[in-house]
Amino acid sequence: MAPLLEVRNLRKTYARHDEPGRRVVLDDLSLSVSSGDVVCLIGSSGSGKSTLLRCLDLLEPIDDGVIEFRGREISDPAVDPRVVRRDIGMVFQAYNLFPHLSVLDNCTLAPRKVHGLSPAAAREKARDLLARFGLDEHVDKHPDRLSGGQQQRVALVRALCTDPALLLLDEITAALDPELVGEVLDIVRSLADAGTTMVLATHEMGFAREVASHVCFLDGGRIVEEGTPAQVLGTPEQARTREFLRRVLPQA
Amino acid sequence: MSTGAPAADWRPSERELARRRTRSRQRRHRVVVASAATVVVIGVLGAALVLSPGWPRVRATFLDLHHARESLPSIVDGFWLNVRMFLIAEPLILVLGLALALLRQAQSAWLVPLRGLAVLYTDVVRGIPTLLLVFLFVFGMPALGLEGIPTSIFFWATVALVVSYSAYVAEVFRSGIESVHPSQLASAEALALSRAQTMRHVVVPQAVRRVVPPLLNDFVSLQKDTALVASVGLFDALFAAADYGNFNFNFTPYVVAALFFIAMTVPLARLCDVLARRLARRERAGGL
Ligand SMILES: Nc1ncnc2c1ncn2[C@@H]1O[C@H](COP(=O)(O)OP(=O)(O)O)[C@@H](O)[C@H]1O
Ligand SMILES: [Mg+2]
């Protein structure tokens, strides 16, 4: 079966603000994600994880390479990014909920305005999902009134309300207190169990080991090592991977 | 951190080259559409103007090159007065406006009466038409007959503009100050900054950046309102144009004066756009 998402030889650069020339952030990167896969991107800060996720959601123009989604090249300039994004959900590290809208309105905005659901249908669906993730009492509150963990759960629900075929999660627990990390990861775990296809950048190695079907270690904008969690996290072959794991894992 | 090494030997792939061709084709297409739309719109407006029945008379009375040239020197002289008045009034307005806005935010106990005054000032002044303020100051103040008070019309007209606009500008600053997120106040307080230091180093710098566009709006408005002084007999650009027009039964000088005002406001608007864009780029780089 053809993969859901296929990235070939992706290259992304940014202008340097201090000197001429461009800084290469993603370098000849290839990645394949099949339906039902949970791909974890690990790597130190600045290795390009967020940039990769933003490129996949067409939030950044790329310099070279091909991104295919459902067998169609979406990096083609003739493709309308909004059509692609209808089927891709993205959640950011800083939640990025709309502060002027209630939790429910945050979750129904895109279903109503982009996917053409009736207000009633959108509300019902959002309420269902919010209730499933323990947020039923907060539906009518504004996001600033919620804890970080609750806000991030709302952000996940907001992304899920449009039934995305692919979910991109960018370090969604990095801004949370340790005690709140669990409640957000529980949701991701249940999504993984339900077969949701996800690409997620994470610093939670234990979580990656548990839910990932595939782990990619990024360094300097390249995938240095990839494989099953047991391979990459348990018996890494590359020296750089081992060094990174030594730094982030307490004991080994 | 990526190393710079692979950058040198990278060559765009065939696919990327094809994509670039597509993008430049799309760009060309947009340029063509935009140009065509512009030509059509301008053409229609121009045709409507030129084909209207009164066009020959309008052209003779409003767009006469001879009268434009004749009236130019006195309009230039008059316009210089507008420019001077604007240049003097604007800094005063900014200072007074910011001071009023800060007063309204002040929390120290002995500033409370001043806070009330600041509220009263903006409420009253904003309610009075600027032209009326000009009359009140220009004719009223000298009439008081107080010793040592200047009697110059230019002086009192400028004061009237400063009073009127500082009330508007104070409200603009205030909305900017109030839009700074409370978490910013909290983190400044957590660093043990005093209320004044918080304002000076954290809140006001962010507020000012945000209110640049509405401030510009008030600047432009002020530039135009310097022409209100024509009504109290000051020889500004509008007065010069009216003077010439009434004498020669031709309105072309009004158009000339209007062009002068436009020439002053447009560069300012573009400058502010550039500044705002540069700020936004610097602050949001890499942020998502
Ligand atoms: N908008 C931007 N402009 C310039 N450089 C950027 C921008 N976004 C990210 N970068 C740079 O790209 C590199 C990769 O960043 P990022 O993808 O955020 O890494 P990660 O998410 O793995 O920490 C970093 O060196 C960062 O400074
Ligand atoms: Mg990141």
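Look up: the structure comes first, before these words.
Description of the structure in this document. Not measured: the values here are computed from a predicted model.

### Points about the environment of B:V232
Residue and element names in this part refer to chain B. Tracing the sequence through the fold places V232 in the loop between helix 9 (195–225) and helix 10 (237–248). Residue classification places V232 among the buried residues on the basis of a relative accessible area of 7%. Sequence-wise, V232 and L144 are 88 residues apart; in three dimensions their C-alpha atoms are separated by 18 Å. Once residues lying within four places of it in the same chain are set aside, the contact partners of V232 are V134, F135, V138, F139 and I153.

### Topic: the side chain of B:T226
Examined against the element boundaries, B:T226 turns out to sit in the loop between helix 9 and helix 10. Separated by 3.0 Å, the side chains of B:T226 and B:N82 make a polar contact.

### What about the pattern of salt bridges?
Counted under the stated rule, the structure contains 23 salt bridges over all chains. B:R23 is the partner of B:E16 in a salt bridge, and the nearest nitrogen-oxygen pair spans 3.8 Å. A residue is classified by how much of its surface remains accessible, and B:R23, at 26% relative accessible area, is partly exposed. Each of the salt bridges in this network shares a partner with another, and the network as a whole consists of A:E73, A:D76, B:R15, B:E16, B:R19, B:R20 and B:R23.

### Let's talk about the nonpolar core
Counting residues in hydrophobic clusters, the biggest one holds 50 residues, and the most contacted among them are A:L156, A:L169 and A:M198. Of all the elements, helix 6 (residues 178–193) of chain A adds the most residues to this core, at 8 residues. If near-sequence neighbours (up to four positions away) are discounted, A:L169 is found in contact with A:L53, A:V91, A:L156, A:V188, A:M198, A:V199, A:L200 and A:A201. Within the second largest apolar cluster, 35 residues are counted, among which are B:F137, B:V172, B:I177 and B:V204.

### Comments concerning the interface of chain B and chain A
With 18 residues of chain B at the contact, the number on the chain A side is 23 residues. Both faces combined, the contact of chain B with chain A buries some 1600 Å², and carbon together with sulfur accounts for 48% of it. Taken together, the connections running from chain B to chain A amount to 3 salt bridges. Two residues, B:R19 and A:E73, come together in a salt bridge whose shortest N-O distance is 2.9 Å. At the surface where chain B touches chain A, the tally comes to 7 residue pairs in polar contact (both at pLDDT 80 or more). Looking at the side of chain B that touches chain A element by element, the count peaks at 7 residues for helix 2 (residues 14–51) of chain B.

### Here we look at the packing of aromatic side chains
On inspection of all chains with the given rule, the structure shows 11 aromatic pairs over all chains. Taking the centre distance of 5.9 Å and the plane angle of 15° together, the rings of B:F135 and B:F139 count as stacked. Placement of the pair is B:F135 and B:F139 together in helix 6 (residues 130–143), with a separation of 4 residues, close to one helical turn. When its relative accessible area of 29% is taken as the criterion, B:F135 is described as partly exposed. Taking 5.1 Å as the distance between ring centres and 65° as the angle between the ring planes, the aromatic pair formed by B:F235 and B:F239 counts as edge-to-face. Joined through ring pairs, the aromatic side chains of B:F62, B:F251 and B:Y254 make up one cluster. Over the ring of B:W10 we find A:R11; its NZ or CZ atom is 3.8 Å from the centre of that ring.

### A look at helix 3 (residues 103–113) of chain A
Listed as buried for helix 3 of chain A are A:V103, A:L104, A:N106, A:C107, A:T108 and A:P111. Those residues of helix 3 of chain A hidden inside the fold are in contact with helix 4 (119–132) and helix 5 (148–160) of chain A.

### A few points about the site of ligand 1
The local shell around ligand 1 holds 13 residues, among which A:R23, A:G46, A:K49, A:S50 and A:T51 are the closest. Around ligand 1, the neighbouring residues derive from chains A and B rather than from a single chain. One of the backbone nitrogen or oxygen atoms of A:S47 is found 3.3 Å away from an oxygen atom of ligand 1. In this structure, an oxygen atom belonging to ligand 1 sits 3.0 Å away from a main-chain N or O atom of A:G48. Considering ligand 1 on its own, with 560 Å² of exposed area, one finds that the protein chains cover 77% of that surface. Those elements that place two or more of their residues in the shell around ligand 1 are strand 2 (22–33) and helix 1 (49–56) of chain A. It is helix 1 of chain A that provides the largest number of residues to the shell around ligand 1, a total of 4 residues. Its residues assigned to classes, the shell around ligand 1 shows 2 nonpolar, 8 polar and 3 charged.

Each value, and the rule that gives it
- Residues numbered from 1 in each chain as written.
- Chains lettered and ligands numbered in written order.
- Predicted model: local features only at pLDDT ≥ 70, side-chain atom pairs only at ≥ 80, totals over all residues.
- Heavy atoms only, no water.
- Helix = DSSP H or I, 4+ residues; strand = E, 2+ residues; numbered from the N terminus.
- Buried < 20%, exposed > 50% of the residue type's maximum accessible area, 1.4 Å probe, protein only.
- Contact = heavy atoms within 4.5 Å.
- Polar contact = N/O pair within 3.5 Å; in protein donor to acceptor, adjacent residues only side chain to side chain.
- Salt bridge = Lys/Arg side-chain N within 4 Å of Asp/Glu carboxyl O.
- Core = buried A, V, L, I, M, F, W, Y, C linked by side-chain atoms within 4.5 Å.
- Buried area = accessible area lost by both parts, 1.4 Å probe.
- Phe/Tyr/Trp six-rings, centres within 6.5 Å; stacked < 30°, edge-to-face > 60°.
- Lys NZ or Arg CZ within 6 Å of the ring centre and 35° of its normal.
- Near = heavy atom within 4 Å.
- Areas by Shrake-Rupley, 256 points an atom, 1.4 Å probe, with all protein chains shown as cover.
- Nonpolar A, V, L, I, M, F, W, Y, C, P; charged D, E, K, R; others polar.

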